[in-house]
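Residue-level listing of the chains:
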Amino acid sequence: MSTFIPQLPLSIWLPDMGTPSPKPAPVMRGELALDCLIIGDEPAATSFKSALVVTPAAKAPVDPKILAEVNKLMVAARREHAAGQMSELRTKMEAILKLQPDHAQAHFNLGVLERDAGNLPEADAALRRAIEHDPRNPQYHLALGEVMQLMRHLIFAAEAYENGLAVDPNHQTILSNLATVRRKQRMPEKVLDLSRRLLALTPQSLPATLSQAWAQLWLGQVEEAAETAGRALRLDPQSIEAAVTLQISLGRLGRSDAAAAAFNDIKTRSVETWNVCIEAVEAYAQYEERAPLETILNAVL
């Protein structure tokens, strides 16, 4: 089963703290870790200009006494979050929404808590409310897209990511996640465009390089795919997906001996290590290459 690793940072700040320095979330493999609670005031306005056309609903002035109470709840929520007291944190977010129903961050935080509890429909609803009240925050669109991916709603995931890119066209995690979705949807033209955008931002990105090679091979650009897969192998000589892409490309270019040698190496590594076998099978499945897939499975099983 394919997985992806979101890169949302954990950012916590309070009214008197200004804009935070994001603390990177721990990398977790095998499941989606949406560890991105935001406790406190909104960050300073971003420097990019949003392309998302929105007409926010006019907000009535908030009573200063209510704002003061909301700030007190935020201070308490920050302490509870640091202590890992998630049930108390949920109570604080719900209390904030009773006082200020249009508080986008509280809706967002509840969405993350629902996600972590496995309540994906409730997470979806909460994150959509956050976006309704603050459509110009790309993190909200990213979080919604990831929940949609967990629910395997690829069309809605792509829609959320596209909306996020309309706000921040260079958001690397959104670009990467959208490329993953488009690969699952077998849309190589879109994947090629997304991978090029990512590589313009991070030329040494292995995932973007692999996505570019995947798209080129699907589009029949075999020589380019072979070159790109070779570049991916130079970035990570242990990459099974890169090795598989290069092996298929060599075969389609008529370089039979090189393709056979490459396949034997992939098969040997698959027999030696089960995780490599899984990666190789997934990689061949992406290209609908049934024969080498079955050969590897027969050798392993």
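Just above sits the structure.
None of the values given here were measured: they were computed from a predicted structure. (Residues numbered from 1 in each chain as written. Predicted model: local features only at pLDDT ≥ 70, side-chain atom pairs only at ≥ 80, totals over all residues. Heavy atoms only, no water.)

### Focus: the side chain of serine 195
Stage number 1. Here serine 195 lies in helix α8 (residues 188-201).
Stage number 2. Since its relative accessible area comes to 0%, serine 195 is described here as buried.
Stage number 3. Every residue in contact with serine 195, bar those within four places of it in the chain, is listed here: Ala208, Ser211 and Gln212. (Helix = DSSP H or I, 4+ residues; strand = E, 2+ residues; numbered from the N terminus. Buried < 20%, exposed > 50% of the residue type's maximum accessible area, 1.4 Å probe, protein only. Contact = heavy atoms within 4.5 Å.)

### Comments concerning the side chain of glutamine 100
Stage number 1. Mapped onto the secondary structure, glutamine 100 falls in the loop between α2 (86-99) and α3 (104-116).
Stage number 2. Classification of glutamine 100 by relative accessible area gives buried; the value is 14%.
Stage number 3. The residues touching glutamine 100, leaving out its near neighbours within four places in the chain, are Val62, Leu67 and Val70.

### Things to note about the packing of aromatic side chains
Stage number 1. Summed over the entire model, instances satisfying the criterion amount to three aromatic pairs.
Stage number 2. Taken together, a centroid distance of 4.8 Å and an interplanar angle of 25 degrees make the contact between phenylalanine 108 and tyrosine 140 stacked. In this pair, phenylalanine 108 is assigned in helix α3 and tyrosine 140 in helix α5 (residues 138-150), connecting sequence segments 32 residues apart. You'll find phenylalanine 108 and tyrosine 140 in the same group, each marked buried.
Stage number 3. With a centroid separation of 5.9 Å and an interplanar angle of 45 degrees, the aromatic rings of tryptophan 214 and tryptophan 218 are classed as tilted. One end of the pair is tryptophan 214 and the other is tryptophan 218, both in helix α9 (residues 206-218) and four residues apart, which spans about a single turn.
Stage number 4. Here tryptophan 214 falls in the buried class, since its relative accessible area comes to 0%. (Phe/Tyr/Trp six-rings, centres within 6.5 Å; stacked < 30°, edge-to-face > 60°.)

### A short note on unusual backbone geometry
Stage number 1. The phi dihedral of arginine 186 is positive, around 55 degrees, even though this residue is not glycine.
Stage number 2. Note that arginine 186 resides in the loop between α7 (172-184) and α8.
Stage number 3. Exposure remark for arginine 186: the relative accessible area of 34% places this residue in the partly exposed category.
Stage number 4. Residue glutamate 288 is not a glycine yet carries a positive backbone phi of 55 degrees.
Stage number 5. Locating glutamate 288 in the fold gives a position in the loop between α13 (274-286) and α14 (290-300).

### Focus: the environment of threonine 228
Stage number 1. Mapping threonine 228 onto the fold places it in helix α10 (residues 222-235).
Stage number 2. For threonine 228, a relative accessible area of 3% gives the class buried.
Stage number 3. Along the primary structure threonine 228 and leucine 246 are separated by 18 residues, whereas in three dimensions their C-alpha atoms are 8.4 Å apart.
Stage number 4. With residues near it in sequence (within four places) discarded, threonine 228 still touches Thr209, Gln212, Ala213 and Gln216.

### Describing helix α1 (residues 64-82)
Residues lying three or four places apart along an α-helix face the same way, a consequence of the helix completing one turn every 3.6 residues.
Stage number 1. For α1, which comprises 19 residues, the first-to-last C-alpha distance of 27 Å matches the rise-based estimate of 27 Å (1.5 Å per residue) to within 8%.
Stage number 2. Residues of α1 that are buried include every one of Val70, Leu73, Met74, Ala76, Ala77, Glu80 and His81, and no others. (Expected span 1.5 Å × (residues − 1).)

### Quick notes on the nonpolar core
Stage number 1. Counting 31 residues, the largest nonpolar core has Leu217, Val244, Leu246, Ile248, Ile266, Tyr284 and Ile296 as its most contacted members.
Stage number 2. At the level of elements, α8, α9, α10, α11 (240-252), α12 (256-272), α13 and α14 are the ones that each hand at least two residues to this core.
Stage number 3. Per-element accounting of this core gives the leading share, seven residues, to α11.
Stage number 4. If we skip the residues at most four places from it in the chain, tyrosine 284 touches Val244, Gln247, Ile248, Phe263, Ile266, Glu289, Pro292, Leu293 and Ile296.
Stage number 5. Listed in part, the 28 residues of the second largest apolar core include Ala157, Ala179, Val181 and Ala208. (Core = buried A, V, L, I, M, F, W, Y, C linked by side-chain atoms within 4.5 Å.)

### Quick word on the pattern of salt bridges
Stage number 1. Applying the stated criterion across every chain, the model contains twelve salt bridges.
Stage number 2. With a shortest N-O distance of 2.6 Å, arginine 183 and glutamate 241 are connected by a salt bridge. Of this pair, arginine 183 sits in helix α7 while glutamate 241 sits in helix α11, placing them 58 residues apart in sequence.
Stage number 3. Using a relative accessible area of 11% as the deciding quantity, one classes arginine 183 as buried.
Stage number 4. One salt bridge connects arginine 197 with aspartate 193, and the closest N-O pair in it is separated by 3.9 Å. One end of the pair, arginine 197, and the other, aspartate 193, are both in helix α8, four residues apart, so they sit about a helical turn from each other. (Salt bridge = Lys/Arg side-chain N within 4 Å of Asp/Glu carboxyl O.)

### Quick look at α11
Stage number 1. Its 13 residues give α11 an end-to-end C-alpha distance of 18 Å, which sits within 8% of 18 Å, the value for a rise of 1.5 Å per residue.
Stage number 2. With respect to burial, α11 is a largely interior element, eleven of its 13 residues being buried.
Stage number 3. Buried within α11 are the following residues: Ile240, Glu241, Ala242, Ala243, Val244, Thr245, Leu246, Gln247, Ile248, Ser249 and Leu250.
Stage number 4. Check the buried side of α11 and you find it contacts α7, α9, α10, α12 and α13.
Stage number 5. With a side-chain oxygen lying 3.1 Å from the backbone nitrogen of alanine 242, the N-terminal cap of α11 falls on serine 239. (Polar contact = N/O pair within 3.5 Å; in protein donor to acceptor, adjacent residues only side chain to side chain.)

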